[in-house]
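Chain by chain, the residues run as shown.
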Amino acid sequence: MMNNILEAPVINSPWQHCYINNVLPPELWDAVNEAATLMAPHVKQGSYSIDITEALDFGVPQSTIDMIVEYSDALLEIHKEVLGKFSHTSLTKHGYISDIRWNFSKNRLEPIHDDKANINKMMTFVIYVSPDRDTGTVIYTEPQEHGYHSTVPWTPNSGILFCPEDQVTWHTYQSGNTPRITLNLYYHGLDCWFESPEFRNNAVLKQRLTRIKWIRDMFENGKLYRCYEGDIFEIFKIFDERMKNELENGCGTQSDRKSTRLNSSHTDISRMPSSA
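Numbers given to residues run from 1 along each chain, matching the order in which its sequence is written. Whole-chain, interface and lining totals are the exception, using all residues; otherwise, since this is a predicted model, local features are given only for residues with pLDDT of at least 70 and side-chain atom pairs are given and counted only at 80 or more. Where side-chain values are given, they derive from all heavy atoms of the structure, hydrogens and water being excluded.

**Q** Please clarify how the overall build of the chain should be interpreted in this entry.
**A** Counting its regular elements, the chain contains 7 helices and 12 strands. It only takes one pair of heavy atoms within 4.5 Å for two residues to be counted as in contact. Here the analysis covers contacts within the chain between residues at least 6 apart in sequence; of these, 81% occur between residues at least 24 apart. When the accessible surface of the chain is summed, it comes to about 12,300 Å², and 48% of that surface belongs to carbon and sulfur atoms. Comment: elements are numbered from the N terminus, with helices defined as DSSP H or I runs of at least four residues and strands as E runs of at least two. Calculation of accessible area relied on Shrake-Rupley with a 1.4 Å probe; when residues are assessed, cover is drawn exclusively from the protein chains displayed.

**Q** Could you clarify how one ought to interpret helix H2 (residues 26-39) in this entry?
**A** Three- or four-residue spacings in an α-helix give side chains the same orientation, since the helix completes a turn every 3.6 residues. By this rule, a helix spans an expected 1.5 Å times one less than how many residues it contains. Its 14 residues give H2 an end-to-end C-alpha distance of 20 Å, which sits within 8% of 20 Å, the value for a rise of 1.5 Å per residue. Within H2, the full set of buried residues consists of Leu28, Trp29, Ala31, Val32, Ala35, Ala36 and Met39. Taken end-on, H2 shows its buried residues confined to a sector of 165 degrees, consistent with a single buried face. Exposed residues pointing more than 90 degrees away from the buried face of H2 are listed as Pro26, Glu27, Asp30 and Thr37. In this fold, the buried residues of H2 make contact with helix H3 (62-77), strand E3 (96-106), strand E5 (121-130) and strand E11 (180-189). Exposure categories follow from relative accessible area, calculated using a 1.4 Å probe and restricted to protein chains: below 20% of the type maximum is buried, above 50% is exposed, and the middle band is partly exposed. The arc in question is formed by the directions pointing from the helix axis toward the C-beta atoms.

**Q** Got a minute to help me understand the packing of H2 against H3 in this structure?
**A** Packed helices, taken two at a time, are described by the angle between their axes plus the distance between the axes. All axes are obtained by fitting lines to C-alpha atoms, using only the stretch in contact for helices, and the reported angles, taken between N-to-C directions, cover 0 to 180 degrees. Packing of H2 against H3 leaves a shortest axis separation of 10 Å and a crossing angle of 125 degrees. Between H2 and H3, the crossing angle belongs to the class labelled oblique. Seen along the crossing, H2 lies across H3 with a hand that is left-handed. Across the interface between the two elements, Glu27, Leu28, Ala31, Val32 and Ala35 from H2 touch Thr64, Met67, Ile68 and Tyr71 from H3. An angle counts as roughly parallel when it lies under 35 degrees, as roughly antiparallel when it exceeds 145, as roughly perpendicular when it falls between 65 and 115, and as oblique in every other case. Left-handed describes a crossing whose near helix is turned anticlockwise from the far helix through less than a right angle; right-handed describes the clockwise counterpart.

**Q** Can you help me understand the nonpolar core in this one?
**A** Ranked by internal contacts, the top residues of the largest apolar core, which has 44 residues, are Leu75, Trp102, Phe125 and Leu183. One finds Tyr19, Val126, Tyr128 and Phe162 within the second-largest nonpolar core, a separate group that totals 9 residues. Nonpolar core, defined: a set of buried Ala, Val, Leu, Ile, Met, Phe, Trp, Tyr and Cys residues in which side-chain atoms within 4.5 Å join the residues together.

**Q** What is the right way to look at the pairing of strand E8 (residues 159-162) in this model?
**A** With burial as the criterion, each face of E8 is covered, one bearing Gly159 and Leu161 and the other bearing Ile160 and Phe162. Paired strands, as defined in this entry, are two strands with at least two bridges between them according to DSSP. The sheet contact formed by strand E1 (residues 18-20) and E8 spans 3 bridges and is antiparallel. Note on E8: the bridge partner recorded for Ile20 is Gly159. Pairing of E5 with E8 involves 4 bridges; the strand directions are antiparallel. Each residue of the ladder has a partner; that of Ile127, found in E8, is Gly159.

**Q** What exactly am I supposed to notice about the environment of Lys44 here?
**A** Mapped onto the elements of the fold, Lys44 is located in the loop between H2 and strand E2 (46-51). Classification of Lys44 as exposed rests on a relative accessible area of 55%. A C-alpha to C-alpha distance of 8.0 Å links Lys44 and Phe104, two positions 60 residues apart in sequence.

**Q** For this particular structure, what's the right way to read the state of the cysteines?
**A** Disulfide: a covalent bond connecting the sulfur atoms of a pair of cysteines. For this text, the term disulfide refers to a pair of cysteine sulfurs within 2.5 Å. In this structure the tally under the stated criterion is 0 disulfides. For the unlinked cysteine Cys18, the closest cysteine sulfur is that of Cys163, found at 8.5 Å. Its relative accessible area of 0% is what places Cys163 among the buried residues.

So far we have only geometry, and geometry alone does not tell us how the molecule works.
And the structure:
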């Protein structure tokens, strides 16, 4: 099924993205669709996402989670070819982390966002799951209503794939009273965690601390993140050393300093903002 991704044409207007049909193979699609049926009655008002393993709490079998992770790993295996389809991307030196999430929305209009500025995603793949009829991703040229460009068709087991670009890949979505469920595969390049010109900005620093603490907790708690072409624990070590130097040089507040203990407890941080 990866051929569908590799062969999907890149739509250049207003920003580069691919619309892909028949994304998941039949057996996996049936399992994902059944998972959505189990989770739909529990979807709350608003828009939010959960780690795929949290679906176990709703009766989704472990075998479904395993198949989704296997699919995501297969996509990581061909990530160079996929990223090569887009003109503005570059490969990371330190590897990638995959982040697989169920996205839920009910009676919600999501703010227009670009997927890049907040958590530095390298690639976003949103697979439309449930219901049978809904509205797909709404594409904008700028983060205002008058910037509307087009709407991606909603067809179950289709999806939109793009490489987020700061201040460019503007999009949103909305949902009605029927729960809107997507399977979101995010891929984060590790370079941006400690090689950013904005690193000394306190707000960015605190945000990145929160994100890396979350990633580390997910690894230590056995959540199904994957690191490709990189040693995640070596990345953590490098980042810790960089953070120590930054804080000793006066960057960050006292609360930042406490946040460098990235293996400490956290509260419900797995419910990250949703996308697409």
